[in-house]
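Observations on the model geometry
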Protein chains: 2
Amino acid sequence: MFVLRLAAGLVLWVCPVTLVLADPLPSWNEGAAKSGIIAFVEQSVDPAHSAYVVPAERIAVFDQDGTLWAEKPYYFQIAYGMTQIKQRAAEDPDFGKGNPVLKAAIEGDAETIAADGMKGFLELMVGAQEGMSVSDFKESVRQWLAIAVHPDTGEPYEQMVYQPMLELLSYMRDNGFKTYIVSGGGINFIRAYAQTVYGIPPEQVIGSSLKSEFEIRDDFANVYMLPEVFFDDNHSGKPVGIDLHIGRRPVFAVGNSDGDQQMLEYTTLGERPAFAILVHHTDSEREWAYDRNSDVGHLDTALKAAKQYGWTVIDMKSDWRTVFPYQLDGK
Amino acid sequence: MFVLRLAAGLVLWVCPVTLVLADPLPSWNEGAAKSGIIAFVEQSVDPAHSAYVVPAERIAVFDQDGTLWAEKPYYFQIAYGMTQIKQRAAEDPDFGKGNPVLKAAIEGDAETIAADGMKGFLELMVGAQEGMSVSDFKESVRQWLAIAVHPDTGEPYEQMVYQPMLELLSYMRDNGFKTYIVSGGGINFIRAYAQTVYGIPPEQVIGSSLKSEFEIRDDFANVYMLPEVFFDDNHSGKPVGIDLHIGRRPVFAVGNSDGDQQMLEYTTLGERPAFAILVHHTDSEREWAYDRNSDVGHLDTALKAAKQYGWTVIDMKSDWRTVFPYQLDGK
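Residues numbered from 1 in each chain as written. Chains lettered and ligands numbered in written order. Predicted model: local features only at pLDDT ≥ 70, side-chain atom pairs only at ≥ 80, totals over all residues. Heavy atoms only, no water.

Residues and elements named next belong to chain B. The geometry of helix 10 (residues 237–245) relative to helix 11 (residues 261–268) is characterised by a closest axis approach of 7 Å and an angle of 55° between their N-to-C directions. Between helix 10 and helix 11, the angle falls in the class oblique. Where helix 10 approaches helix 11, its residues K238, P239, I242 and D243 are matched on the opposing element by Q262, M263 and Y266. Each residue belonging to the contact of helix 10 with helix 11 can be placed in one class, and the counts come to four nonpolar, one polar and two charged. (Axes fitted to C-alpha atoms, helices over the stretch in contact; angles between N-to-C directions. Helix = DSSP H or I, 4+ residues; strand = E, 2+ residues; numbered from the N terminus. Parallel < 35°, antiparallel > 145°, perpendicular 65-115°, else oblique. Contact = heavy atoms within 4.5 Å. Nonpolar A, V, L, I, M, F, W, Y, C, P; charged D, E, K, R; others polar.)

Quick look at the interface of chain B and chain A now. Much of the literature gives interface size as the accessible area that the parts lose upon coming together. Taken together, the 44 residues of chain B in the interface contact 44 residues of chain A. The junction of chain B with chain A conceals about 3500 Å² of combined surface from both sides, 58% of it contributed by carbon and sulfur atoms. When the buried surface of chain B facing chain A is broken down by residue, E203, F214 and L244 of chain B rank first, second and third, together holding 18% of it. At the boundary of chain B and chain A, one finds four salt bridges. Where chain B meets chain A, there are 16 residue pairs in polar contact (both at pLDDT 80 or more). Every element with two or more residues in the side of chain B that touches chain A is listed here: strand 2 (11–14), helix 6 (134–147), strand 4 (178–186), helix 8 (187–191), strand 5 (205–217), strand 6 (220–231), helix 10 and helix 11 of chain B. Here the residues of the side of chain B that touches chain A sort into 23 nonpolar, ten polar and eleven charged. (Buried area = accessible area lost by both parts, 1.4 Å probe. Salt bridge = Lys/Arg side-chain N within 4 Å of Asp/Glu carboxyl O. Polar contact = N/O pair within 3.5 Å; in protein donor to acceptor, adjacent residues only side chain to side chain.)

When chain B is fitted onto chain A, the two copies agree to an RMSD of 0.0 Å after a turn of 180° and an axial shift of 0.0 Å. The symmetry that links the two subunits is that of a two-fold axis. Most of the interface of chain B is mirrored in chain A, where 100% of its interface residues again form contacts. (Least-squares fit on C-alpha atoms with pLDDT ≥ 70 in both.)

Once that is clear, we can look at the environment of Y180 of chain B. If you trace the backbone, Y180 of chain B turns up in strand 4. With near-sequence residues (within four places) excluded, Y180 of chain B lies in contact with E203 of chain A together with I59, A60, V61, F62, I200, E203, Q204, I206 and I246 of chain B.

Now for the environment of I314 of chain B. Residues and elements named next belong to chain B. Looking at where I314 falls in the secondary structure, it is placed in strand 10 (residues 312–315). With relative accessibility at 0%, the residue I314 sits in the buried group. Sequence separation between I314 and K34 is 280 residues; the distance between their C-alpha atoms is 9.1 Å. The contacts of I314, once residues within four sequence positions are left out, are W28, A33, M165, I277, L278, V279, H280, D319 and W320. (Buried < 20%, exposed > 50% of the residue type's maximum accessible area, 1.4 Å probe, protein only.)

Let's shift gears to the packing of aromatic side chains. Inspection of every chain in the model, using the stated rule, returns 48 aromatic pairs over all chains. Measuring from centroid to centroid gives 5.6 Å for Y80 of chain A and W144 of chain A, while their planes differ by 80°, and the two rings are edge-to-face. Residue Y80 of chain A is found in helix 2 (residues 76–91), and its partner W144 of chain A is found in helix 6 (residues 134–147); the two are separated by 64 residues along the sequence. Here Y80 of chain A falls in the buried class, since its relative accessible area comes to 2%. According to the relative accessible area criterion, W144 of chain A is buried, its value standing at 8%. When the centroid spacing of 5.0 Å and the interplanar angle of 20° are considered together, the rings of W144 of chain B and Y157 of chain B count as stacked. With W144 of chain B in helix 6 and Y157 of chain B in the loop between helix 6 and helix 7 (163–174), this pair connects stretches of sequence that are 13 residues apart. Note on Y157 of chain B: relative accessible area 2%, which makes it buried. (Phe/Tyr/Trp six-rings, centres within 6.5 Å; stacked < 30°, edge-to-face > 60°.)

Encoded structure:
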C-alpha cells in the first residue's frame, strides 16, 4: 500500500492490485519451446530491451493447416470441396466431365485429390467455387461447418483446432501483436470462420485465391469468383503474399511444413531479432505422426533449415499437454 | 463538480471535464456535404440508430490521387518514375531503348506518359522499379520525397495533400473507422509515406503492383519486383482489391474520378446504409478545375452515377475553406 498526497493536503491510500500472473500457455508443457516463446514476447514488449519491437511492427504470422488445426487425413477444405462438387454434379450431370480431380471429388475419393498436391487442391477449389459470389461462398462454408464432422474423429472441424495454438494466438494479441493467418488454403474459405474460430478478422487472413470480377446484378454490387487461380499462397508465395497484404516483415512466424519454410526464412533472415516455430507432428496417439514421408504437410527441408537458422521445433507429443479442445480435462 | 464518497469516509471532489465540442472538420465550409458526413458518422456510432455499424465493420476507403492529394499536372508517381528512370539511363545507356514511355521519361516528357493513361503509368512503374527489392524501393521514394518539389507550386509533395481530407481521415478514425487507401497508384510507392503523411499503416494501403519474387541473397531474405504488372487497382480492380485485402464491404468511400466509380458502387449497392463521396475539382484558383475533358482524373460517368445513387459531390471551391496545408491561416 502506498500513499498519494494531493495538492489540497488530502491523503489518498492506494492499494496496488496483487498481480497473480496466470500461465498464459496452460496447454503447453514446461520446456525450451514454451520458455523461448515467453522470453521472446517479454523482450519484444520491454522498451528497455535491445529486442524491443514498437507496437506497429508486432506482426505474427501463422500457417493454418497442420499449424492451427489438423490437416489429416486431408486438408479440411478438400472435404468441403467434395461436398460442394457432389452437389453441383447432382444439379448438372455434365459437371466436371473429363476432369480427373472433379471426378474423384464426385466419387468421394479424397486420396486421389490429395495425392495431386497443391495442383489437385487448387483445381478442386476452382471447381467448387467458380461463378459464386464471395459472400455466398463464405455463407456456404459456414453452413457446411455447422454440420460437417471430421472423417476419423467424428468431431466438428472447429474442434480440430490446436488448443495450445488458440492460447498462443491470445497471448500474442494480449502483448500487442497483430495475428495473421498466412495459408496455402483458400483466403475466402478461411475468412468464413477465422473470426469465430481464431479471433482473426478477415483483413488479417492471407491465402490462395481465384481470379475474381466485380459485377452489379439487379442493383446489387458484388465480387464473383472466376475459374482461374489468381494467387498460390505456398512456399515463396507466402513471403510475397505477406509483402502484398501487410507490407512489413513479421517478427514471429509459425508453420509446420516445407510450404512454410520461405515464410520462416523471410521472418528470421531480416534486419532484427525474430522468432520462428515449426510444429513437428510426433503424436500418433492424440493426433497424427508424420513428416518427410507424408504428402500432406510434407516436412523435410524446413526441418534442416530449422537447425541451420535456430528455429524452435515443437515436439507435439512432449511439448503439448493438450492437443484438441475436446480433449481438455472435464470434457 | 460532483462528490465521490470513498469507503473510508474520505471525500473526493471531482471536476468533470467541460467538453468543448470542437469542430472536427474546420477546413470544411458549412453545407450539405459537411453536415451529411457528420450525420452519417454520428448514426454509425450510435447503437440505438438503425444505421449503427459495429466497430469491426467500420471500413472507410479513400482513393489517393485527386482525392487525398493533388494529381495535376500529372500523377506525382510519374514525377518519381521519371527521376528514377533518368538515373537508370545515366548508368546504362541501353536502358529503355525502343520503349516510347521510357524514352519520354528520359526526356522529361511527362505529358506523353500521362496521355497514355494507366497503360503509360504502369509501363513507367515497371521501368522504374523492376529488379529492386521492395524495401530499397520504398527507401528511394522517401529520399525523393524529401527533396522533390511540385512542378507548378514549388511545394514539397507532402504539402500537396488536401487539408480537409486529413481532417476527414482523423475524424473517421476518432469514430472507430479503419481508414484504407485504395489507389490506382503503386502499392509500395504509397506505403513509403502513407503512415507519416496520412496516418495510414502499410497494411491499410491497397494499390497497383508488380509481380514479385522471394529470394535469399547473402543470408538476407527479401522480396524483389519483376518487370510485369501483377494487379491494376483501377475501375473494377478497386472492389476486387478491397475484397482481396479487406474481405469486407466498406461503409464509407471517397473518390474523384471514373476510376473510383466501381469502388463507390461496391460500397453503396450492398446490404446496408453506406456513404459515398466524389470530389469535384472546381477550384481553378487554389487548385485545378477539371472533369470530363481531363486525361488525369477523368470524371464523367461517375458524376452521373452520383446523381443516380445519391452520392455526395464535393464542390471543392465552395465546400473547402482551405485546400492545401500551406494555404492555412498564419502560414
